[in-house]
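An overview of the molecular structure
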Amino acid sequence: MILRRTILKSAVLALFLSPALTLAAELPNRETLTITKATGGSATFTVEVAATEDDRRVGLMDRKSMAEDRGMLFDFGETRPVYMWMRNTYIPLDMLFLDESGVIRHIRAETTPLSEDIIDSHAPVRFVVEINAGLAAKLGIAVGDRAESPTIAKALQP
């Protein structure tokens, strides 16, 4: 009887701990990203970093919402033309296309959720920052502003 209770307790504990351990292992890499506006002032976000091919492929897909101070930073590992879409992405986004030094080169505002239309960087870029739709305009973020984060700083090192 004692052995049976011990086995049952272990099974129940494993049932509850297993998903928690899986979720902890899958927590995204997060960092602070600050956009310094050429007109003065700044905006700060906590971003998830998508630096691997798999992370970039999934991005913000299948999420239904995102806090206003959150976003995602895509690091493509090199400067090149970038093409994205909104497949399986339910959150309307503003996409900020950044060069290797973090300068915003193009903004695609108010993307359409679930669209498979191609979103073009319009110039070679290293990074893309996705934030909630309308925030770039609301916060006065514009082409020429500069984003800074540990990932961007690391890319600048020789």
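Residues numbered from 1 in each chain as written. Predicted model: local features only at pLDDT ≥ 70, side-chain atom pairs only at ≥ 80, totals over all residues. Heavy atoms only, no water.

Let us look at the overall build of the chain. The helix and strand tally for the chain stands at 4 helices and 9 strands. Starting at the N terminus and walking to the C terminus, you meet the elements of the chain as α-β-β-α-β-β-β-β-β-β-α-β-α. At a minimum sequence separation of 6, the contacts of the chain that also span at least 24 residues come to 71%. A total accessible area of about 9300 Å² is found for the chain, and carbon and sulfur atoms account for 56% of it. (Helix = DSSP H or I, 4+ residues; strand = E, 2+ residues; numbered from the N terminus. Contact = heavy atoms within 4.5 Å. Areas by Shrake-Rupley, 256 points an atom, 1.4 Å probe, with all protein chains shown as cover.)

With that out of the way, let us pick up the nonpolar core. One recurring pattern in soluble globular proteins: nonpolar side chains tend to sit buried together. In this structure, Leu33, Ile35, Phe45, Leu96, Leu98 and Ile141 are the most contacted members of the largest nonpolar core, which totals 17 residues. Every element with two or more residues in this core is listed here: strand E1 (30-36), strand E2 (42-50), strand E5 (93-98), strand E8 (125-132) and helix H3 (135-139). The residues touching Leu96, leaving out its near neighbours within four places in the chain, are Ile35, Ile104, His106, Ile107, Phe127, Val128, Val129, Ile131, Ala136 and Ile141. Ala50, Met84, Ile91 and Phe97 belong to the second-largest nonpolar core, a separate cluster that totals 16 residues. (Core = buried A, V, L, I, M, F, W, Y, C linked by side-chain atoms within 4.5 Å. Buried < 20%, exposed > 50% of the residue type's maximum accessible area, 1.4 Å probe, protein only.)

Let us now look at the sheet that holds E2. As summarised here, the arrangement of the 7 strands in space is E6-E5-E8-E3-E2-E1-E9, forming an open sheet in which the pairing is mixed. Looking along the sheet, the strands with just one partner apiece sit at the ends: strand E6 (104-108) and strand E9 (146-148). Adjacent strand axes in the sheet meet at a mean angle of 30 degrees when their direction is disregarded. Both E1 and E2 contribute to a ladder of 7 bridges, which runs antiparallel. Bridge pairing in E2 links Leu33 to Phe45. (Pairing = 2+ DSSP bridges. Axes fitted to C-alpha atoms, helices over the stretch in contact; angles between N-to-C directions.)

What follows covers the confidence of the model for the chain. Predicted confidence across the chain gives a mean pLDDT of 86, with 82% of residues reaching 70 or more. Overall, residues 3-27 carries pLDDT values under 50, and its contacts beyond four positions in sequence, including any with other chains, amount to 1 contact. (pLDDT = per-residue confidence, 0-100.)

Examined bridge by bridge, E2 and strand E3 (residues 70-80) share 5 bridges and lie parallel to one another. Looking at the pairing, Val47 lines up with Gly71 of E3. The sheet contact formed by E3 and E8 spans 5 bridges and is antiparallel. Note on E8: the bridge partner recorded for Leu73 is Val129.

Looking now at the layout of surface pockets. Taken as a whole, the largest pocket holds about 270 Å³ of empty space. Lining the largest pocket are 18 residues, with Arg56, Arg57, Phe74, Met84 and Trp85 sitting closest to its centre. Of all the elements in the fold, those that place two or more residues in the lining of the largest pocket are helix H2 (53-58), E3 and strand E4 (83-84). Taken together, the residues that form the lining of the largest pocket break down as 11 nonpolar, 2 polar and 5 charged. (1 Å grid on protein atoms, 1.4 Å probe; cavity = no way out; pocket = protein on both sides within 12 Å on 5 of 7 lines; lining within 4 Å. Points joined across faces, edges and corners; volume = space filled by probe spheres on them. Nonpolar A, V, L, I, M, F, W, Y, C, P; charged D, E, K, R; others polar.)

Under the definition given, this model contains 1 aromatic pair. Ring centres of Phe74 and Phe76 lie 6.4 Å apart, and the angle between their planes is 15 degrees; this geometry places the pair in the stacked category. There is no split in this pair, since Phe74 and Phe76 are both buried. Just above the ring of Tyr90 sits the side chain of Lys64; from NZ or CZ to the centre is 3.4 Å. (Phe/Tyr/Trp six-rings, centres within 6.5 Å; stacked < 30°, edge-to-face > 60°. Lys NZ or Arg CZ within 6 Å of the ring centre and 35° of its normal.)

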